[in-house]
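Observations on the three-dimensional arrangement
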Amino acid sequence: MNMLLVAEYRQGKVLGNFHELLAFAAQLQGQPSLFIVCDVNAPPAFPGRVYLADVATYKEYDPSSHQKLLLEAVRREGAEMVVFAHSSYGWDLAPRIALALGAAQISEVTAVVDGDCVVPACNSKLRRRVKSLSHTTVVTLQSGAFSAQAPEVGPSTIIPLEIDDATPYTFQGYETAAAGGVDLGKAAVIVSAGRGIGKPENVALVAELAKALKGEYGASRPVVDAQWVEHYRQVGTTGQTVAPKLYMACGISGAIQHLAGMKKSEFVVAVNTDKDAPIGEIADVMVLADLKQFLPVLTEKLRMV
Amino acid sequence: MKILVCMKHVPDMESKFKIAADGRWYDGGDLAWRINEYDEYAVEQAVRLKEQLGNSDITVLSIGPERVKEAMKKALAMGCDRGVHVLDDRPSDRDAMAIATIIAAFARGRNFDCIFTGMQSQDRGSGQVGILVGEMLGLPAVSTIVDFSCNGDNRYTVKRELEGGVRAVVEVRGPALFTCQLGLNTPRYPTLPNIMKAKKKELLTVPVTELAGTGNVQDTVQLFFPEKKGGGLLLEGEIPELADKLIAILKEKTTVLA
């Protein structure tokens, strides 16, 4: 099967996530080619055809020209599958390609079973097995689902792409969130608050427990969005990635974006009232309790240890 | 300005899900339903845009069975002006392409200046419908926005959320579509007077057959619970006892209490 893998380029760098796309292609025994809009003088190492468009002309974000460039590559390659990472670049561009090709797009693929894709549903509590009914299929792959595989060494065949486009999008640049006073990456213990804390006053329960464990407190996205905790304490895809000796997830259901930021922790304790919460999949210990009752008692007992 | 907001009715994700008899979706019987979380941000942004510009009209659209009207009433109480309920008893049988086709069929020719959707639904999570609608209507569509401003003159500056705390600043000229990420704003709670007012707002029902187009391009073969991996230990019982047990485990398995 001819596959076109879509690599990403941001802030002057080729992102490493296309190595996961390679692993996917290898698992399906496909013949991969690569598409990327990047610095034409520094394309990624890839043993095969690289469809290359110039980022100086087409920008790092411009769905209009990138769509047309990629469609041109799909056409020339006769690709039967177009493979993206399920990332801010991938989920933005993939539907535009799928529509133009009349193709099924299967989002956030975690596995392939007998030719069908498996994707998460209902906040990762369930899985859905999906079959494409179209000639061409577009997939986006969940970050981390396919273990990155370095490209084999070999000569690239560069195929330059150019199109005319009057894009309606003006990409103005990037903004980076202000760093705060806490580097969670250095903490040996992190106690994180999730939606289950219920109200801002309960952040104190988590902070107190963190103190009793001589660690720091963090939070999952909903708590930061509600502005109960500063953004620099957010753990997850859009916040910090941490790997402490002990991670305590309090009232955190375990959305994939959160898990991606903490799954390398050495020991994970979840405190939750829902024993089916997806955090249970990676927790070493799941304490089935209301954190509002459990945390103060645990904190008190730890102070006496 | 004419504004369209699309919203989906989804189960509370804390629910105990059961697989439906056909094995392809969840059983909707005993679930508590709410507005898809991402769509609440879309509704709120639409209302804020109207508050900024004045002289605007917000239509909220939802596809689903009779029950979705309840959620639409909340959107009306938050400040939408009228509702369009596309009556479809089994929307889960339709894929993202089919759902987007329905929305685009409604929007086409109605000259909306600005369309908001959530960036994805909490149950299906494909993250496709909003962008597909934009593409079908030939409008610029920007996904995953966490900041929105309308500069007058139909120009919009938005910030897309990327990975690792980075945002991309993008400008487009309307008409345009935006898909909303969590944290874009703080969705308001409807006030009692507004809940009362919402009861008098127009809530039109359109049979889905009037708008539906092409069939599916993909098929759900099976919905299932993931296998529980590994030997995570489940602790249940009285609170003080749980705390003692956990401390014993931490002493044994970690070095953090040393």
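Positions within a chain are numbered from 1, following the residues in the order the chain's sequence is written. For this description, chains carry letters from A and ligands carry numbers from 1, given in the order in which they are written. Where local features are concerned, this predicted model is filtered to residues with pLDDT of at least 70; where side-chain atom pairs are given and counted, the filter is 80 or more; whole-chain, interface and lining totals use all residues. With hydrogens and water set aside, each side-chain value is computed from the structure's full complement of heavy atoms.

Here's the deal with the overall build of chain B
The following threshold applies: Segments assigned H or I by DSSP are reported as helices when at least four residues long, segments assigned E as strands when at least two residues long, and all are numbered from the N terminus. Contact criterion: two residues are considered in contact whenever any of their non-hydrogen atoms come within 4.5 Å of each other. Note that accessible areas follow from Shrake-Rupley with a 1.4 Å probe, and for residues the cover is restricted to the protein chains shown.
For chain B, the helix and strand inventory stands at six helices and 13 strands. Dimensions along the principal axes, computed over C-alpha positions, put chain B at roughly 65 × 45 × 40 Å. Here the contacts in chain B between residues at least 6 apart in sequence split such that 70% fall between residues at least 24 apart. When the accessible surface of chain B is split by element, carbon and sulfur atoms take 50% of a total near 11,000 Å².

A word on the nonpolar core
Quick reminder of the rule: Within this scheme, the nonpolar core is defined by two criteria: the residues are buried Ala, Val, Leu, Ile, Met, Phe, Trp, Tyr or Cys, and they are joined through side-chain atoms within 4.5 Å. When accessible area is computed with a 1.4 Å probe and restricted to protein chains, residues below 20% of their type maximum are described as buried, those above 50% as exposed, and intermediate ones as partly exposed.
Core analysis: the biggest nonpolar cluster contains 71 residues, and Phe116(B), Val142(B), Phe148(B) and Phe178(B) have the highest contact counts within it. Looking at which element gives the most residues to this core, the answer is helix α3 (residues 96-107) of chain B, with eight residues. Phe116(B) has contacts with Ile3(B), Leu4(B), Val5(B), Cys6(B), Ala42(B), Gln45(B), Ala46(B), Leu49(B), Phe148(B), Phe178(B) and Cys180(B), leaving out every residue within four places of it along the chain. Judged by nonpolar contacts, the second largest core, of 52 residues, contains Met3(A), Tyr9(A), Ala98(A) and Val139(A).

Remarks on the sheet that holds strand β12 (residues 218-224) of chain B
Test applied: DSSP calls a pair of strands paired once it identifies at least 2 bridges connecting them. Under this scheme, a helix contributes an axis fitted over its contacting stretch, all axes are lines through C-alpha atoms, and angles between N-to-C directions fall in the 0 to 180 degree range.
Here we have four strands laid out as an open sheet, ordered β8(A)-β9(A)-β10(A)-β12(B), and antiparallel in their pairing. The open sheet terminates on both sides in strands that have one partner only, identified here as β8 (111-113) of chain A together with β12 of chain B. Between one strand and the next, the sheet's axes are offset by a mean angle of 35°, whatever the strand orientation.

Section: the layout of surface pockets
Heads up, the condition is: Cavity and pocket criteria rest on a 1 Å grid covering protein atoms alone: a 1.4 Å probe that fits but cannot get out defines a cavity, protein on both sides within 12 Å along at least 5 of 7 lines defines an open pocket, and an atom within 4 Å of a point defines a lining residue. Grid points are joined across faces, edges and corners, and a volume is the space filled by probe spheres set on the points. Amino acids are sorted into nonpolar (Ala, Val, Leu, Ile, Met, Phe, Trp, Tyr, Cys and Pro), charged (Asp, Glu, Lys and Arg) and polar (every other residue, Gly among them).
Roughly 800 Å³ of volume is contained in the second largest pocket. Elements with a minimum of two residues in the lining of the second largest pocket: β7 (104-109) of chain A together with β1 (2-7), β4 (57-64), α3, β6 (114-118) and α4 (129-137) of chain B. Within the lining of the second largest pocket, the residues separate by chemical class into 18 nonpolar, 18 polar and eleven charged.

Digging into the interface of chain B and chain A
Condition: Here the quantity called buried area is the total loss of accessible area, with a 1.4 Å probe, experienced by two parts when brought into contact, counted for both. Here, a salt bridge means any side-chain nitrogen of Lys or Arg that lies within 4 Å of a carboxyl oxygen of Asp or Glu. Nitrogen and oxygen atoms within 3.5 Å of one another constitute a polar contact, given that in protein one can donate a hydrogen and the other can accept it, and given that sequence-neighbouring residues count only through two side-chain atoms.
Tallying the contact residues gives 82 residues for chain B and 79 residues for chain A. Interface area for chain B against chain A, summed over the two sides, is near 6,900 Å², with a carbon-plus-sulfur share of 59%. Between chain B and chain A we count nine salt bridges in total. The salt bridge partner of Lys301(A) is Asp244(B), with a shortest N-O separation of 3.2 Å. If you look at where chain B meets chain A, you find 42 residue pairs in polar contact (both at pLDDT 80 or more). Elements supplying a minimum of two residues to the side of chain B that touches chain A: α4, β7 (141-150), β8 (155-161), β9 (166-173), β12, β13 (233-235) and α6 (239-253) of chain B. At eleven residues, the largest contribution of residues to the side of chain B that touches chain A is made by α6(B). Grouping the constituent residues of the side of chain B that touches chain A by class yields 41 nonpolar, 21 polar and 20 charged.

Concerning empty space enclosed by the protein
The probe, sized like a water molecule, is rolled over the atoms to show the empty space still left. Going through the model one piece at a time under the given rule, you end up with four cavities of 30 Å³ or more. In this structure, the largest cavity occupies an estimated 90 Å³ of space. Surrounding the largest cavity, Glu8(A), Tyr9(A), Arg10(A), Glu60(A), Tyr61(A), Ser88(A), Tyr89(A), Tyr174(A), Arg160(B), Leu162(B) and Ala168(B) form its lining. Here the residues of the lining of the largest cavity are counted per class, giving six nonpolar, one polar and four charged. Forming the boundary of the second largest cavity are Tyr61(A), Asp62(A), Pro63(A), His66(A), Ser88(A), Tyr89(A), Asp92(A), Leu93(A) and Arg160(B). Where the lining of the second largest cavity is concerned, the elements lending two or more residues are α3 (63-77) and α4 (90-101) of chain A. Broken down by class, the residue content of the lining of the second largest cavity amounts to four nonpolar, two polar and three charged.

So, the pairing of strand β9 (residues 116-121) of chain A
Residues and elements named next belong to chain A. With six of its six residues buried, β9 lies for the most part within the structure. Side chains of β9 alternate between two faces, with Asp-116, Val-118 and Pro-120 and Cys-117, Val-119 and Ala-121 buried alike. Summarising the sheet, β8 and β9 pair through three bridges and their orientation is antiparallel. Of the residues in β9, the one forming a bridge with Val-112 is Cys-117. Hairpin connection from β8 to β9: two residues lie between these consecutive antiparallel strands, with Asp-114 at a positive phi of about 50°. Here β9 runs beside strand β10 (residues 126-132); their pairing, made up of five bridges, is antiparallel. If you follow Val-119 over to β10, its bridge partner there is Arg-128. Between β9 and β10, which pair antiparallel in sequence order, lie four residues; one of them, Cys-122, sits at a positive phi of approximately 50°.

Focus: the domain arrangement of chain A
Where interface size is quoted, it is often the accessible area lost as the parts come together. All names here are of chain A. The line we're drawing: As used throughout, domain bounds are those supplied by an automatic or database domain assignment.
Once the domains are mapped, chain A shows domain 1 (2-160) and domain 2 (184-303). A separation of 34 Å is found between the C-alpha centroids of domain 1 and domain 2. Together, the buried faces of domain 1 and domain 2 total about 570 Å²; carbon and sulfur atoms form 43% of this surface. The partner of Asp-274 in a salt bridge is Lys-125, with the nearest N and O atoms 2.9 Å apart. On the surface where domain 1 and domain 2 come into contact, there are two residue pairs in polar contact (both at pLDDT 80 or more). When its residues are assigned to classes, the side of domain 1 that touches domain 2 shows no nonpolar, three polar and three charged.

A word on unusual backbone geometry
Residue Pro175(B) follows Gly174(B) across a cis peptide bond; omega there is 0°. With respect to the secondary-structure elements, Pro175(B) resides in the loop between β9 and β10 (176-180). Phi is positive for Gln11(A), which is not a glycine, with a value near 50°. Checked against the element boundaries, Gln11(A) lands in the loop between β2 (9-10) and β3 (13-14).

Brief notes about the sheet that holds β13(B)
Strand order across the open sheet formed by six strands is β15(A)-β14(A)-β16(A)-β17(A)-β18(A)-β13(B), with parallel pairing between neighbours. The open sheet terminates on both sides in strands that have one partner only, identified here as β15 (216-219) of chain A together with β13 of chain B. Put simply, the sheet's adjacent strands are angled 20° from each other on average, direction ignored. Note that strand β16 (residues 246-250) of chain A and strand β17 (residues 267-272) of chain A share five bridges and pair parallel. When the bridges of β17(A) are listed, Tyr247(A) appears paired with Val268(A).

Observations concerning the packing of helix α8 (residues 291-303) of chain A against α6(B)
Heads up, the condition is: Just so you know how the angles are binned, under 35 degrees is roughly parallel, over 145 roughly antiparallel, 65 to 115 roughly perpendicular, and the rest oblique. Crossing chirality is assigned from the near helix's rotation relative to the far helix, an anticlockwise turn below a right angle marking it left-handed and a clockwise turn marking it right-handed.
Here α8(A) crosses α6(B) at 50°, and the two axes come no closer than 9 Å. Here α6(B) runs oblique to α8(A), going by the angle between their axes. Crossing hand, α8(A) versus α6(B): right-handed. On the side of α8(A), the interface is formed by Gln293(A), Phe294(A), Val297(A), Leu298(A), Lys301(A) and Leu302(A), while α6(B) contributes Ile239(B), Pro240(B), Leu242(B), Ala243(B), Asp244(B), Leu246(B) and Ile247(B).

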